[in-house]
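# A look at the structure
If you want the building blocks of each chain, they are given just below.
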Amino acid sequence: MAKANTINPVRGTQDIFGEEQERFAHVVSTFDRVRRLYGFQGVQMPVIEPTAVFARSLGETTDVVSKEMYSFDDRGGDSITLRPEFTAGIARAFISNGWQQHVPLKLAAHGPLFRYERPQKGRYRQFHQIDAEIIGAAEPQADVELLAMADQLLHELGIADGVTLQLNTLGDGDSREAWRAALIDHFEAHRGALSEDSQERLQKNPLRILDSKDPRDRPIANSAPDIDAFLTDEAKAFFDAVCAGLDAAGVAWTRNSRLVRGLDYYRHTAFEFVTDRLGAQGTVLAGGRYDGLIENLGGPSTPAVGWAAGIERLAMLLDGVVAASIDAAIVPMGDAAEARAAALAAELRRAGLAVELGYKGNMKKRMQRANAAGARYAIIIGDDELARGEAALKNLADGEQRDVKLDALAEALSQ
RNA sequence: GCGAUCGUAGCUCAGUUGGUCAGAGCGCCGGUUUGUGGUACCGGAGGUCGCGGGUUCAAGACCCGUCGAUCGCCCCA
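One structure accompanies this document, and this report is about it. (Residues numbered from 1 in each chain as written. Chains lettered and ligands numbered in written order. Predicted model: local features only at pLDDT ≥ 70, side-chain atom pairs only at ≥ 80, totals over all residues. Heavy atoms only, no water.)

### Thoughts on a negative patch on the surface
We apply this condition: Patch members must show over 30% relative accessible area and no salt bridge, and they are joined within 9 Å when carrying like charges or within 5 Å when they are nonpolar side chains of Val, Leu, Ile, Met, Phe, Trp or Tyr. Accessibility throughout is a Shrake-Rupley quantity obtained with a 1.4 Å probe, and a residue counts as covered only by protein chains that appear here. The term salt bridge refers to a side-chain nitrogen of Lys or Arg lying within 4 Å of a carboxyl oxygen of Asp or Glu. Charge counting follows a simple rule: Lys and Arg are positive, Asp and Glu are negative, and His as well as the terminal groups are ignored. To locate a charge, take NZ of a lysine, CZ of an arginine, CG of an aspartate or CD of a glutamate. In DSSP terms, a helix is any run of H or I states spanning at least four residues, a strand is any run of E spanning at least two, and both are numbered starting from the N terminus.
Together, Asp174, Glu177, Asp233 and Glu234 give the surface a local cluster of negative charge. If you list the elements that add at least two residues to the negative patch, you get helix 6 (173–189) and helix 9 (233–249). Mapped onto the fold, Glu177 is located in helix 6.

### Side note on the sheet that holds strand 4 (residues 79–82)
Basically, it comes down to this: At least two bridges found by DSSP between two strands is the condition for calling them paired. Axes here refer to lines fitted to C-alpha atoms; in helices the fit is confined to the stretch in contact. Angles between the N-to-C directions go from 0 to 180 degrees. Working rule for contacts: check all heavy atoms of both residues, and any pair within 4.5 Å makes them a contact.
In spatial order, the strands read 2-4-3; together these three strands make up an open sheet with antiparallel pairing. If you trace the sheet from one side to the other, it starts and ends with strand 2 (48–50) and strand 3 (70–73), each paired once. Within this sheet the neighbouring strands show an average axis-to-axis angle of 35 degrees, counted without direction. Bridging between strand 3 and strand 4 involves four bridges; their strand directions are antiparallel. Paired with Asp73 across the bridge in strand 4 is Ser79. Sheet strands touched by helix 2 (residues 51–58): strand 2, strand 3 and strand 4. Its angle to strand 2, the strand with the most contacts, is close to 70 degrees.

### Section: the pairing of strand 9 (residues 267–275)
We count it as follows: Note on classification: 1.4 Å probe, protein chains only; a residue is buried when its accessible area is under 20% of the maximum for its type, exposed when over 50%, partly exposed between these limits.
With eight of nine residues buried, strand 9 lies mostly within the body of the structure. Strand direction decides the pairing type here: strand 7 (residues 163–169) and strand 9, joined by seven bridges, are antiparallel. Looking across to strand 9, one finds that Asn168 is bridged to Ala270. Pairing of strand 9 with strand 10 (residues 283–289), which is carried by six bridges, proceeds in the antiparallel orientation. Its bridge partner lying in strand 10, Ala270 is registered against Gly288.

Structure, rendered in structure tokens:
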């Protein structure tokens, strides 16, 4: 418990340590391995961007821009924003650096993001995501490849059980407009029965009524028309190709015709991997196609599709605790042994072995630390062993102990 | 921005209708074992009960405020 006069962390930030950090690192390293299997290049992006990058990509009037961004004026008077997502910054970089010469471009990124909102389960003001984008590919095969990678990632993390891929299409521009008009007609007809929130949504974002959680809205949302009847031939062919591609790739999915995106630039495929294990924050990985975004930001007309996933949420779902462990802990007793142990530690580490050197406390203390560090072996060196050029090598799992020549330790530990 | 619940030891928590209620487990330190961990036993340190005010003979408990946390709503790129 912190004392009254100590400094508190910034609200919504977290100090990730120990077991939690092990899980976190496991998510990132698994992502880094899997994205290489699919030929996605890593990319490092700035954490800060001009506010206009997000204001123009997300829309000036959305809640996100108006009240959920971490923005401030720098000393030169420019408005700067801590990135709330990866996609807009990547689109900006694509334009800034003329990356159209590299399309189709498959990019992967991960790191901290910031949103100024109330913290709750799995949601922080500074949080972390992994992110994947395919830029410059208008073909449905890009959507399939992107989703196959997400699916493989979740399987390799061992959290695919209880997670389902929900898939929908928002159609092309014409499809979307026709559907939107039909939805407004439908909801206007039931206006009085809608929740207060949804009556608001009818003005600002009618598509959002479809995934409302309010029980009063559900019957009306469920009886609303699907987009299917409004899809153009091209849009229908695109969605069919995505579905067929997923089946061919062995990626399980279910249609969720109520799944929508909040922002206008989304087109065609929209998807979420959803779990029932995280309370209200059940979306584990989400994304879609945003063919209009780069053009909105002043770049060339460029199709793109991508997803992002919260590292904290993925880490929460990991079952097995990844226990930290090392190969050996050296336990020297006496000045001469300590001097020799320092050299031995360096030698073993150069040989690629993870080694801890105990230099604090009495022998019992050092043995306790060796055990706590998860060491497979303790290397005990006292004056007697030192005189013989040996160490007592104790297997901490079964308690077996034998003498080994110092210069044979690396080999003995490697077995 | 809104609602609910909760702030007691390093951690997880118990504390009855206000009256020895400053407690437990784990962890930490030490000992049983001056060179042998993980199991066992014994001992010890550690808290102005989030903060400020109020009610009362008496407040960890009740009231008000404040800060923080958690869960949900809104939003979700």
